[in-house]
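Structural characterization, general
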Amino acid sequence: MADIQSVGIIGAGQMGSGIAHVMALAGYDVTLHDVSENAIKASLELVEGNLGRQLAKSKITEDEMKAAIGRIRPAPKMTQLTDCDIVIEAATENIELKKAIFRQLSEVLDPGGIIATNTSSISITALAAVTDRPDRFIGLHFMNPVPVMKLVEVIRGIATSEQTFQVAKTITERLGKTMAVSEDYPAFIVNRILMPMINEAIYCLYEGVGTVEAIDTGMKLGANHPMGPLQLADFIGLDTCLSIMQVLYDGLADSKYRPCPLLVKYTEAGWLGKKSGRGFYDYKGDVPVPTR
């Protein structure tokens, strides 16, 4: 189990692309699956573009870039993941969608294969329970953007074996990342702290305490944050922020985690942040403009 060579990835979005990037660069053979072949194609182009930027900054060599690109294999069918040593799910933050993926994956993945999830908030134990191998199931929560951020949260479910945990540790070290071990509680460590801060910033906007610009400037210059909380929410995706806040609110039954109504309204409107072109900022022009 410890000799991991091949990595499957489910989900060719921003996170799946980032994970494919770092895995291939670290020497793993990567099989990238998505229900949309167009998404896989776009993901491969994104990875190549990001590797190109690393090359331009002399962070990698041209040979390393070519080798990494050559290690990623597109896989429009889930059955193409059968022989992978570990499969990492990086689909949308929706528990029912993830459960459906894991039920299907359990049917096609070789019995010795490990299953990991990149969930940023959902119970590892609950997801593992729908598989045929809860002892070989673990949370590997990468930070966005994956090629840049150094942290990986590793979360064991109640049934996760020590051997599976050691595999996760080995992978994290080979990627050059730092591991933070979290217990299996709603939103784990990073988002348990980060998302209520973002939610409170949205409440400040909702209640008229300050404008988008004032709130973000206040936190950047007053708390030395590299990015304001509303700008960060747009970068993460407001739908993802809302999903995580709902997990916290439902899982901990504490009113302090109630999602701000303005966050709900923006998500309902499809104003999801940078990925949709509009959130707390409008991204149509060269420079993002506050929308409130």
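Residues numbered from 1 in each chain as written. Predicted model: local features only at pLDDT ≥ 70, side-chain atom pairs only at ≥ 80, totals over all residues. Heavy atoms only, no water.

Brief notes about the overall build of the protein
Quick note on the threshold: Segments assigned H or I by DSSP are reported as helices when at least four residues long, segments assigned E as strands when at least two residues long, and all are numbered from the N terminus. Relative accessibility thresholds used throughout: buried, under 20% of the residue-type maximum; exposed, over 50%; partly exposed, between the two (1.4 Å probe, protein chains only). Residue contacts are defined here by distance: any two heavy atoms, one from each residue, within 4.5 Å place the two residues in contact.
Across its full length, the protein holds 11 helices and 10 strands. Along the longest, intermediate and shortest principal axes, the C-alpha atoms of the protein span 55 × 45 × 30 Å. Within the protein, the proportion of its 292 residues that are buried is 46%. The long-range fraction of contacts in the protein, counting pairs at least 24 apart against all pairs at least 6 apart in sequence, stands at 65%.

Quick word on unusual backbone geometry
The step from Asn144 to Pro145 runs through a cis peptide bond, and the omega angle for that step is 0°. Along the chain, Pro145 turns up in the loop between β6 (137-142) and β7 (151-156).

So, the pattern of salt bridges
The condition that has to hold: Salt bridges, as used here, are contacts in which a Lys or Arg side-chain nitrogen is within 4 Å of a carboxyl oxygen on Asp or Glu.
With the rule as written, the count across this model stands at 10 salt bridges. Across the pair Lys265 and Glu268 runs a salt bridge, and its minimum N-O distance is 3.5 Å. Pair noted here: Lys265 and Glu268 are both in helix α11 (residues 261-269), with a separation of three residues, about one helical turn. The exposure classification of Lys265 matches that of Glu268, with both residues exposed. Between Asp282 and Lys284 there is a salt bridge whose closest N-O contact spans 3.2 Å. Overall, Lys284 belongs to the exposed group, its relative accessible area being 67%. Through salt bridges with shared partners, a single network forms among Glu89, Glu93 and Lys98.

With respect to the pairing of β6
How we decide: By this definition, two strands are paired if DSSP reports at least two bridges between them.
Counting buried positions along β6 gives six out of six residues, so the element sits mostly inside the fold. Residues Phe137, Gly139 and His141 line one face of β6 and the alternating positions Ile138, Leu140 and Phe142 line the opposite face, and both faces are buried. The sheet contact formed by strand β5 (residues 114-117) and β6 spans three bridges and is parallel. Looking across to β6, one finds that Ile115 is bridged to Phe137. By the bridge criterion, five bridges tie β6 to β7 in an arrangement that is antiparallel. In the sheet register, Phe142 faces β7, and the bridge partner there is Val152.

As for the sheet that holds strand β2 (residues 29-33)
Definition in use: For helices, the axis comes from a line fit to the C-alpha atoms of the stretch in contact; other axes are also lines fit to C-alpha atoms, and the angle between any two N-to-C directions lies between 0 and 180 degrees.
Taken together, the eight strands give an open sheet; going across it, the order is β3-β2-β1-β4-β5-β6-β7-β8, and neighbouring strands pair in mixed fashion. Among the strands making up the open sheet, the edge pair consists of β3 (72-75) and β8 (178-182). When strand polarity is set aside, the average angle formed by the axes of neighbouring strands in this sheet is 25°. Pairing of β7 with β8 involves five bridges; the strand directions are parallel. Considered in β8, the bridge of Leu151 is made with Thr178.

Digging into the UniProt feature "binding site: NAD(+)" (unreviewed entry) in the protein
Note the following rule: UniProt positions are given in the numbering used here, feature names are shortened, and annotations may be inferred rather than shown by experiment.
Sequence positions flagged by UniProt for "binding site: NAD(+)" (unreviewed entry) are, in local numbering, Gly11, Ala12, Gly13, Gln14, Met15, Gly16, Asp34, Glu93, Lys98, Ser120, Asn144 and Lys275. By the secondary structure assignment, Met15 is in helix α1 (residues 14-25). In this view, Met15 contacts Ala90, Asn118, Phe142, Met143, Asn144 and Val146; residues no more than four positions away in its chain are not counted. Following the sequence through the fold, Lys98 ends up in helix α4 (residues 95-108). A relative accessible area of 1% places Lys98 in the buried class.

Regarding the UniProt feature "site: Important for catalytic activity" (unreviewed entry) in the protein
Those residues carrying the UniProt feature "site: Important for catalytic activity" (unreviewed entry) are His141 in this numbering. With respect to the helices and strands, the residue His141 is situated in strand β6. Classification of His141 as buried rests on a relative accessible area of 6%. Filtering out sequence-adjacent residues up to four positions away, His141 remains in contact with Thr117, Asn118, Thr119, Ser120, Leu151, Val152, Glu153, Ile155 and Asn191.

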